[in-house]
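Structural overview for review
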Amino acid sequence: MHSRIFQISNKPLAADEFIDEFSLIEDATVEACSDYIGDVNTSEAGYQEDFQDFVSCFSAFISKVDFPGRKITLVPEEQRRILVKEWLRDSAEKIKSLTEKGIDDGLLHYKVTNLTQRYHDVSYLFYSGYSGYVMQSGEFAHELVNLPDEIYVGSIIDYHF
């Protein structure tokens, strides 16, 4: 399946600061989660669609979006902290309720696996200039708590997993 790697920064990025497919070749997360890394999405329409996917994925954490400036204003830090706790609690409760029924059933096993992967979601990856490495969605949600109130999206890179 194809998905995206989003570059996140605490400041607007100049063109020479954008990552590309060659920037991530030796990253352990990318190596473990992908078959290959594709090109950077350079078309305006394609970039806008991918940017909107990012916004949809983390909409609860976002209070304002400035697409032309590639800037996202996050909800206050305390609210982000509460959202991450709720997300983790909700996932844990769903997994617990499913596993209490037993996981012999193939469909039940599939549901538990999907809920577990929701936390370690590999469909989207995030390259943070703060950490200098690529994170999966669950780790990035934790990172969102500590990010400044305004973040910027740089490159969006296609990859296959």
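Before going into details, it helps to say that this report is about the structure given with it.

**Re helix α2 (residues 44–57)**
Here α2 contains 14 residues, and its C-alpha end-to-end distance of 20 Å stays within 8% of the 20 Å for a straight helix at 1.5 Å per residue. Along α2, the residues classified as buried are G46, Y47, D50, F51, F54 and V55.

**As for the pattern of salt bridges**
A side chain with one charge can pair with a side chain of the opposite charge if their charged atoms come near. The full count for this structure, using the stated rule, is seven salt bridges. Bridged by salt links that share partners, the residues R4, D50 and D158 form one connected network.

**Observations concerning the nonpolar core**
Core analysis: the largest hydrophobic core is formed by 27 residues, its most contacted members being F54, F58, I72, F140 and V153. Within the second largest apolar cluster, eight residues are counted, among which are I5, Y127, V134 and I157.

**A short note on the pairing of strand β4 (residues 71–74)**
Pairing between strand β3 (residues 62–66) and β4: four bridges, direction antiparallel. Its bridge partner lying in β4, V65 is registered against I72.

**Some remarks on the packing of aromatic side chains**
A ring pair, where both rings are aromatic, is described by two values, the distance of the centres and the angle of the planes. Using the criterion set out here, one finds twelve aromatic pairs in the structure. Between the aromatic rings of F54 and F58, the centroid separation amounts to 5.8 Å while the plane-to-plane angle is 45°, which identifies the pairing as tilted. These aromatic residues form a ring-pair network of at least three members: F6, F54, F58, F61, F126 and F140. Across the ring face of Y47, the terminal group of R70 is positioned such that the distance to the ring centre comes to 3.9 Å.

Rules and cut-offs
All residue numbers refer to position in the chain's written sequence, counted from 1. Given that this is a predicted model, residues contribute local features only at a pLDDT of at least 70 and side-chain atom pairs are listed and counted only at 80 or more, while totals for whole chains, interfaces and linings are drawn from all residues. The basis for every side-chain value is the complete set of non-hydrogen atoms in the structure, without hydrogens or water. Labels follow the DSSP assignment, with helices taken as runs of H or I lasting at least four residues and strands as runs of E lasting at least two, numbered in each case from the N terminus. In this scheme, a helix's expected span is set at 1.5 Å multiplied by one less than its residue total. Throughout this description, buried means an accessible area under 20% of the type-specific maximum (1.4 Å probe, protein chains only), exposed means over 50%, and partly exposed covers the range between. By salt bridge we mean one thing: a side-chain nitrogen of Lys or Arg within 4 Å of a carboxyl oxygen of Asp or Glu. The definition of a nonpolar core used throughout is a set of buried Ala, Val, Leu, Ile, Met, Phe, Trp, Tyr and Cys residues joined through side-chain atoms within 4.5 Å. Strands are treated as partners if at least two bridges between them are detected by DSSP. Ring pairs are drawn from Phe, Tyr and Trp, using the six-membered ring of Trp, whenever the two centres fall within 6.5 Å, and their geometry is named by plane angle: stacked under 30 degrees, edge-to-face over 60, tilted for the rest. In our convention, an over-ring charge means Lys NZ or Arg CZ found within 6 Å of a ring centre and within 35 degrees of that ring's normal.

Taken by themselves, the reported measurements are silent on function.
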